[in-house]
Number of protein chains: 2
Amino acid sequence: MFRDIPLPHLDISNIRSSCASCSLRELCLPVGLNDQEIHILGDVVSHKRRISRGGYLHRTGIKFQSLFAIRSGFFKTCVLEEDGRQQVTGFHMTGELLGLDAISSDIHTCDAIALEDSEVCEIPFTKLEEISLVIPSLMRHFHKIMSREIVRDHGVMLLLGSMKAEERLATFLLNLSRRFCMRGYSESEFNLRMTREEIGSYLGLKLETVSRAFSKLQDENIITVDNKRIQINDITRLRLKMGNSSCVT
Amino acid sequence: MFRDIPLPHLDISNIRSSCASCSLRELCLPVGLNDQEIHILGDVVSHKRRISRGGYLHRTGIKFQSLFAIRSGFFKTCVLEEDGRQQVTGFHMTGELLGLDAISSDIHTCDAIALEDSEVCEIPFTKLEEISLVIPSLMRHFHKIMSREIVRDHGVMLLLGSMKAEERLATFLLNLSRRFCMRGYSESEFNLRMTREEIGSYLGLKLETVSRAFSKLQDENIITVDNKRIQINDITRLRLKMGNSSCVT
DNA sequence: CGAGGTATTGACCAGTATCAAGATGCGTGG
DNA sequence: CCACGCATCTTGATACTGGTCAATACCTCG
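None of the values given here were measured: they were computed from a predicted structure. Here, residues in each chain are numbered from 1, in the same order as that chain's written sequence. Here the convention is simple: chains get letters from A, ligands get numbers from 1, in the order in which they are written. It should be noted that, the model being predicted, local features are given only for residues of pLDDT at least 70 and side-chain atom pairs only at 80 or more, the latter also being counted only at that level, while totals for whole chains, interfaces and linings use all residues. Computation of side-chain values covers all heavy atoms of the structure but excludes hydrogens and water.

**Student:** Help me understand the protein's contact with DNA strand D, please; the structure alone is not making it clear to me.
**Tutor:** Among the 18 residues in the neighbourhood of DNA strand D, the closest are listed as Arg196(A), Ser211(A), Ser215(A), Ala165(B) and Thr209(B). Each residue is tested against the molecule or strand, and it is near if at least one of its non-hydrogen atoms lies within 4 Å. When the atoms of DNA strand D within 4 Å of the protein are sorted by group, sugar and phosphate make up 62%. Polar contact is the term for a pair of N or O atoms within 3.5 Å; when the atoms are in protein, one must be able to donate a hydrogen and the other to accept it, and sequence-neighboring residues count only if both atoms are side-chain atoms. In the environment of DNA strand D, a phosphate oxygen lies 2.6 Å from a nitrogen or oxygen atom belonging to the backbone of Ala165(B). Taking Lys206(B), its main chain carries an N or O atom lying 3.3 Å from a phosphate oxygen of DNA strand D. Each helix is a run of H or I in the DSSP string that is no shorter than four residues. Each strand is a run of E no shorter than two, and both are numbered from the N terminus. If you list the elements that add at least two residues to the surface near DNA strand D, you get helix H7 (207-219) of chain A together with helix H7 (207-219) of chain B. For the surface near DNA strand D, the leading source of residues is H7(A), giving five residues.

Below, the structure written as structure tokens:
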């Protein structure tokens, strides 16, 4: 999408110790490391990769080698069944770690697809485990990241198991809003990177239902929808949508 | 909470190096450790706890100290929302590890409730992290366990997001069957430890729907249901139920 | 043996899926 | 820069799954 900004970025894979100077260090793996530790990590993480919109970062079934930290861009991950059924398991933004599912079997268990031109830092997992042994705080933080992913998944299970369409969408928008906000973007206005169908897959709904839920929230003046552009007009009422199905008129 | 039950089983907490002699060592945390390593782990894991049916192993909101390995018994974990909505996030049997969700924030994010009289090994997490630094294979296995939990959750998300009631129940029964089988029990005949309501919560269905799905599978002679006793008569046809909604008559 | 929790089944209804038609937006090539 | 074509989105009509409510049966445990 922003592909042809005229950057001379061939050099980028050669920058060493990049974690130290990365603007995402407070969101990403290096949280809580001192300067020396962050340089050790930086040496391990030196390789970068660009994935253009629609490209695969990894596919189900391929051998697991590395985790990936998102430096810029936006990804979806999805699992699919033999019969072709597909489920988006998550949307991922800068600072988040991809590939955690693959540690268990050394094989990736989902696809990771870029929803816009993106850049990731490749973290060879064996090396990460090695340096974890000498940087206990890195190990601890890594455990927290994995655990956070489990908590996140439980939240999605709650959503899929017990919420109605409108509640699901409200929860989804508020989650995006919070994550954009954490990264310094507006919490009330943002562009969706994914289609209605992808949102639907994530939320366990059909795309038409997602579209209707958007329209309904717009009719109530809670949000303004202009295709992929979302503006949250009344975040309080949006929050109410999330929890309280009984007060729907 | 059940600390002051007048237990005659004080002796049990004094057994040392228990992992070495535990019949679950091939299912549980010690997988892949040598004898020396397993004794180090055993020293850390020495404390045991009994939870009687209906009792809490941990509750949402309490401080996280330890992981728990299930030595005997059966647990459910569930998350709940402010508005009282509840979702069972998993059923857990011997050899499985509970508490992984709490690592991220040092606070338990779900309840763990025994569905039958159970016994767990308490694993102080700080100590586990400490000995991981000197037993790399333990660290690696622990990472695999966390990752496996993430994969499991993605499977549940797929189930909740894209399967019909009957497919969900078939998937659930086959999953239980496989796990009983791995533990040396019959894969075709077992007792459910949970109620229809708990199954429903886990599968994103109401208890009546679960009951109807059981009856339907029984009418088709795929399973025999006698209250909590389940017998799988035709595992092949049950597997077909799981994937292929198009061939339902 | 009785009470409370649990399970089954039926009738009806709500919410979402499905099918279909059209509108809008976006990328590509002329 | 415009026009075309394809993907995406919106909206309506209808069908169907599963939810809700209710009555009854069953099981378990004190």
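**Student:** Would you mind showing me how to read the packing of helix H5 (residues 165-182) of chain A against helix H8 (residues 235-243) of chain A here?
**Tutor:** Working note: a packed helix pair is described by the angle between its axes plus the distance between those axes. Residues and elements named next belong to chain A. For the pair H5 and H8, the least separation of the axes is 7 Å and the interaxial angle reads 130°. Comparing their axes, H8 and H5 come out oblique. Note that H5 runs across H8; the crossing there is left-handed. On H8, the residues touching Glu166, Glu167, Ala170, Thr171, Leu173, Leu174 and Ser177 of H5 are Ile235, Leu238, Arg239, Lys241, Met242 and Gly243. Broken down by class, the residue content of the contact of H5 with H8 amounts to six nonpolar, three polar and four charged. Angles run from 0 to 180 degrees between N-to-C directions of axes, and those axes are lines fitted to C-alpha atoms, restricted for helices to the stretch in contact. Angle categories are assigned with fixed cut-offs, so that under 35 degrees is roughly parallel, over 145 is roughly antiparallel, 65 to 115 is roughly perpendicular, and the rest are oblique. Two helices cross in a left-handed way if the nearer one is turned anticlockwise from the farther one by less than a right angle. They cross in a right-handed way if the turn is clockwise. The criterion used for residue contact is that any of the two residues' heavy atoms lie within 4.5 Å. We call Asp, Glu, Lys and Arg charged. Ala, Val, Leu, Ile, Met, Phe, Trp, Tyr, Cys and Pro are nonpolar, and the rest, Gly among them, are polar.

**Student:** Whenever I open this one, the sheet that holds strand S4 (residues 74-80) of chain A confuses me. Can you help?
**Tutor:** Strands pair in a sheet through their backbones, by hydrogen bonds, and they do so in one of two ways: parallel or antiparallel. Residue and element names in this part refer to chain A. In space, the four strands of this open sheet follow the order S2-S7-S4-S5, with antiparallel pairing throughout. Sheet topology places strand S2 (56-58) and strand S5 (86-93) at the edges, where each strand pairs with a single neighbour. Neighbour to neighbour, the strand axes of the sheet diverge by 30° on average, direction disregarded. The sheet contacts of helix H6 (residues 196-203) involve S4 and S5, and relative to S5 the element is tilted by about 105°. By definition, two strands form a pair when at least two bridges between them are found by DSSP.

**Student:** Just checking my understanding: could you explain the pairing of strand S7 (residues 111-114) of chain B for this structure?
**Tutor:** Look at any regular strand and the pattern is simple: side chains alternate between the two faces of the sheet. Residue and element names in this part refer to chain B. Throughout, exposure labels follow a simple rule: accessible area from a 1.4 Å probe, protein chains only, divided by the maximum for the residue type, with under 20% read as buried, over 50% as exposed, and the rest as partly exposed. Residues Asp111 and Ile113 line one face of S7 and the alternating positions Ala112 and Ala114 line the opposite face, and both faces are buried. Bridge count between strand S2 (residues 56-58) and S7: two bridges; the pairing is antiparallel. Its bridge partner being in S7, histidine 58 is matched across the sheet by alanine 112. When strand S4 (residues 75-80) meets S7, the two strands line up antiparallel, connected through four bridges. Note on S7: the bridge partner recorded for lysine 76 is isoleucine 113.

**Student:** What is the right way to look at the relation of the copies chain B and chain A in this model?
**Tutor:** Both copies of the chain are tied together by a single rotation about an axis and a shift running along it. When the copies are overlaid, the least-squares fit takes in C-alpha atoms only where the residue has pLDDT of at least 70 in both copies. Each copy superposes on the other: chain B lies on chain A with an RMSD of 0.0 Å after a rotation of 180° and an axial shift of 0.0 Å. Look at the turn and shift together and you get a two-fold axis relating the two. Closest approach to the rotation axis among the C-alpha atoms of chain B is made by Leu133(B), whose C-alpha sits 2.5 Å away. Taken as a fraction of all interface residues of chain B, those also at the interface in chain A reach 100%, which identifies the copy contact as same-surface.

**Student:** Please explain the packing of aromatic side chains as it appears in this structure.
**Tutor:** Think of a pair of aromatic rings as described by two things: how far the centres are apart, and how the planes are tilted against each other in angle. Residues and elements named next belong to chain A. In this scheme Phe, Tyr and Trp rings, the latter by its six-membered ring, pair at centre separations within 6.5 Å, and the angle between planes marks the pair as stacked below 30 degrees, edge-to-face above 60, and tilted otherwise. Going through the model one piece at a time under the given rule, you end up with 16 aromatic pairs over all chains. Ring centres 5.4 Å apart and planes at 50° place the aromatic pair phenylalanine 64 and phenylalanine 125 in the tilted group. Of this pair, phenylalanine 64 sits in the loop between S2 and strand S3 (66-72) while phenylalanine 125 sits in helix H3 (residues 125-134); the two residues are 61 residues apart in sequence, bridging distant segments of the chain. With a relative accessible area of 4%, phenylalanine 64 lands in the buried category. Classification of phenylalanine 125 as buried rests on a relative accessible area of 7%.

**Student:** Please clarify how the pattern of salt bridges should be interpreted in this entry.
**Tutor:** Oppositely charged side chains may form a pair once their charged atoms are brought near each other. Residue and element names in this part refer to chain A. A carboxyl oxygen of Asp or Glu within 4 Å of a side-chain nitrogen of Lys or Arg is what we treat as a salt bridge. Throughout the structure, instances matching the rule amount to 32 salt bridges over all chains. Measuring nitrogen to oxygen at the nearest pair gives 3.2 Å for the salt bridge that ties glutamate 119 to arginine 50. Linking glutamate 119 in strand S8 (residues 118-124) with arginine 50 in strand S1 (residues 48-51), this pair joins segments that are 69 residues apart in sequence. Note on glutamate 119: relative accessible area 9%, which makes it buried. Judged by relative accessible area, arginine 50 falls into the partly exposed class, the value being 43%. Among the ionic contacts, a cluster of salt bridges with common partners joins Glu166, Lys216, Glu220 and Lys241.

**Student:** Can you help me understand the domain arrangement of chain A in this one?
**Tutor:** Residues and elements named next belong to chain A. The domain architecture assigned to chain A consists of domain 1 (9-159) and domain 2 (163-247). Distance from the C-alpha centre of domain 1 to the C-alpha centre of domain 2: 26 Å. The partner domain 2 presents 16 residues to the 19 residues of domain 1 that form the contact. Simply put, the buried area is the total loss of 1.4 Å probe accessible area from both parts when two parts are fitted together. Broken down residue by residue, the surface that domain 1 buries against domain 2 is led by Phe91, Met93 and Leu159, which jointly contribute 44%. Here arginine 183 ties to glutamate 96 by a salt bridge, and the two come within 3.4 Å at their closest N and O atoms. Our enumeration of links across domain 1 and domain 2 arrives at 10 residue pairs in polar contact (both at pLDDT 80 or more). Of all the secondary structure elements, the ones that give two or more residues to the side of domain 1 that touches domain 2 are S4, S5 and helix H4 (136-162). The source of the domain bounds is an automatic or database domain assignment.

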